[in-house]
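A structural walkthrough
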Amino acid sequence: MGDILIVDDERDIRELISDILEDEGYTTRLAGNSDQAMQEVTSDQPSLMILDIWLKDSNMDGIDILKVVKRDYPDVPVVIISGHGNIEIAVAAIKQGAYDFIEKPFNIDQLLVVIRRAMETSRLRRENLELKRLDTRPAEMIGESSAFRTMISQLDKVTKSNGRVMLTGPAGVGKEVAARYIHANSNRASAPFVTVSCAGMDPDRVEEMLFGRESGERGIESGLLEQANGGVIYFDEVADMPMATQSKILRVLVDQQFQRVGGTDKVRVDLRVISSTTRNLEAEIDAQTFRQELYHRLNVVPIPVPSLEERREDIPLLAQHFIEGFNSSQGLPLREMSDEAEALMQTMLWPGNVRQLKNLIERVLILGEGAGPIESRELPTEGEGETEEGRVVLSGALATLPLREAREAFEREYLLTQINRFGGNISRTANFVGMERSALHRKLKSLGVVTSNKSGARVAHVDSADAEAD
């Protein structure tokens, strides 16, 4: 039923309590002084402590032991017993985090009721914390493109270390999934992964949220840092963290300890820190909205997470992954993508990146046309598209240009899109568009289109020198 540590300097008392509890099905351990008590606690954390206030021949009294236990093992409920009880001692014990206070000589039935309630409260608290920590969002990474493989290689290198990682990239690219991948493949995988949404921080409650609080009325309430102890704490959009909080987080990173709001004792934590941002933190430092010291503490290993535009090759894989996920979680149709739909999706603009792609797949499955393959007509068209009569609808910008300029603009954007769709592979692009490779090279040169490495992949873009010359 539970392991209970009984600490009392009177042998008869601790053995009497032990006999009673063992008759009720509990397992007990006994300690007659503070040294024995602390040795028992540190060697194997008990489910509950029954602790006498006055301990003869001890370096610490019951209140001192209580403080240490509630600091280092806050989930262990402590029931205080004393033969010299008064209201001041009871109040002091409750303020330090004791579950309850019972005077000697105590009623056995009363003691059992208090123990059962304390064990149940402790169990519910642990379950509640585990539910908060337990997040089944996947850490699975999907992709085969060069940009994706470069990122995975970098993530794999940091999984076995405790180095702080800074994930950068635009919104929707999957920075939190990358953080969870690091956690899931590290030696902390069985420990908590706790997300701190810096953009959603309430300035009036941010310290209680992070550091927890202590009060006589509500006892000890652990914050997110304490809940993440032993595992990973992930600061999402760290650039949005209030300046006042940044200095305190910096101190935690240096000392690996902090004080709860309203408390006086230091709480030690063992944390791995991963953070992410969509913003240029060096620019934020120049604008004096982000602390330079904190930036250097967090940015030990910077890893860029590529945008969907940089990994267009992965769009069919991601789309099928989301289709299977929605089928499993929501019972939506398990459909395939037609070749035309895949090609269209690889040429679309994705400002919302992977998140936008996932939302699009969900919408298509909900509003879909049966269980057959997803066709291109089910996908949204933006700007240019094809009417029911087969005519191409021009964007306003193209429609205002002379024919020669409009043709060049179309060819430039069309080829840019196709090259990026095939991950910078000119041979595959030439084969798809129906041109000889040498002819395509000449066409790209005339249009000022070049390819270069970005995030480990070949990405096509307009040469800036040619653009300025134009």
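An account of the accompanying structure is given in this report. Fair warning: this is a prediction, and the values are worked out from it, not measured in the lab. (Residues numbered from 1 in each chain as written. Predicted model: local features only at pLDDT ≥ 70, side-chain atom pairs only at ≥ 80, totals over all residues. Heavy atoms only, no water.)

1. Some words on the packing of aromatic side chains
Applying the stated rule across the entire model yields four aromatic pairs. Lying over the aromatic face of F432, R421 brings its terminal NZ or CZ to 4.3 Å of the ring centre. (Phe/Tyr/Trp six-rings, centres within 6.5 Å; stacked < 30°, edge-to-face > 60°. Lys NZ or Arg CZ within 6 Å of the ring centre and 35° of its normal.)

2. Concerning the sheet that holds strand β14 (residues 301–304)
Read from one edge to the other, the open sheet built from five strands follows the order β7-β10-β13-β6-β14, with strand pairing classed as parallel. Edge strands, defined here as strands with exactly one partner in the open sheet, are β7 (193–197) and β14. Across the sheet, the axes of successive neighbouring strands diverge by a mean angle of 20 degrees, strand direction being ignored. Examined bridge by bridge, strand β6 (residues 165–168) and strand β13 (residues 272–277) share four bridges and lie parallel to one another. (Pairing = 2+ DSSP bridges. Helix = DSSP H or I, 4+ residues; strand = E, 2+ residues; numbered from the N terminus. Axes fitted to C-alpha atoms, helices over the stretch in contact; angles between N-to-C directions.)

3. Brief notes about the packing of helix α13 (residues 315–330) against helix α15 (residues 353–366)
Put simply, α13 and α15 touch, their axes get as near as 9 Å, and they point 55 degrees apart. When the interaxial angle is binned, α13 and α15 end up oblique. Remark: the crossing between α13 and α15 carries right-handed chirality. Residue-level contacts link I315, L318, A319, F322, I323, F326 and Q330 of α13 to V354, L357, K358, I361, E362 and L365 of α15. Residue classes in the contact of α13 with α15 are distributed as 10 nonpolar, one polar and two charged. (Parallel < 35°, antiparallel > 145°, perpendicular 65-115°, else oblique. Left-handed = near helix turned anticlockwise from the far one by under 90°. Contact = heavy atoms within 4.5 Å. Nonpolar A, V, L, I, M, F, W, Y, C, P; charged D, E, K, R; others polar.)

4. Regarding the layout of surface pockets
Over the atoms a probe the size of a water molecule is rolled, and this reveals where empty space is left. In this structure, the second largest pocket occupies an estimated 870 Å³ of space. Residue lining of the second largest pocket: 32 residues in total, with G174, V177, F322, V354 and K358 positioned closest to the centre. Secondary structure elements with two or more residues in the lining of the second largest pocket: α6 (146–158), α7 (175–184), β10 (232–236), α13 and α15. Counting residues per element, the lining of the second largest pocket draws most heavily on α13, which supplies seven residues. Taken together, the residues that form the lining of the second largest pocket break down as 14 nonpolar, eight polar and 10 charged. (1 Å grid on protein atoms, 1.4 Å probe; cavity = no way out; pocket = protein on both sides within 12 Å on 5 of 7 lines; lining within 4 Å. Points joined across faces, edges and corners; volume = space filled by probe spheres on them.)

5. What about α6?
Taking 1.5 Å per residue as the helical rise, α6 with its 13 residues ought to reach 18 Å, and the 19 Å between its terminal C-alpha atoms agrees with that figure. Those residues of α6 lying buried are A147, F148, M151, I152, L155 and V158. Along α6, the residues classed as buried sweep out an arc of 130 degrees about the axis, all on the same side. (Expected span 1.5 Å × (residues − 1). Buried < 20%, exposed > 50% of the residue type's maximum accessible area, 1.4 Å probe, protein only. Arc of directions from axis to C-beta.)

6. With respect to the nonpolar core
Core analysis: the largest hydrophobic core is formed by 31 residues, its most contacted members being L210, L225, I233 and F235. Secondary-structure elements contributing two or more residues to this core are β7, α8 (206–211), α9 (224–227), β10, α10 (243–255), α11 (281–286) and α12 (292–298). Element by element, the count of residues in this core is highest for α10, at four residues. Residues contacting L225, with those up to four places away along its chain left out, are L210, F211, I233, F235, I249, V252, F258, V269 and L271. One finds V68, V78, A98 and F101 within the second-largest nonpolar core, a separate group that totals 24 residues. (Core = buried A, V, L, I, M, F, W, Y, C linked by side-chain atoms within 4.5 Å.)

7. A short note on unusual backbone geometry
Residue P105 is bonded to the preceding K104 through a cis peptide linkage, with omega at -10 degrees. Looking at where P105 falls in the secondary structure, it is placed in the loop between β5 (100–103) and α5 (108–133). One non-glycine residue, E237, adopts positive backbone phi at about 55 degrees. Considering the arrangement of structural elements, one finds E237 in the loop between β10 and α10. Classification of E237 by relative accessible area gives buried; the value is 14%.

8. Describing the packing of helix α17 (residues 403–421) against helix α18 (residues 426–433)
Closest axis-to-axis distance for the α17/α18 pair is 8 Å, and the angle between their directions is 125 degrees. Viewed along their axes, α17 and α18 adopt a mutual orientation that is oblique. Handedness of the α17/α18 crossing: right-handed. Of the residues in α18, those in contact with Y414, L415, Q418, I419 and R421 of α17 are I426, T429, F432 and V433. For the contact of α17 with α18, the class distribution of residues is six nonpolar, two polar and one charged.

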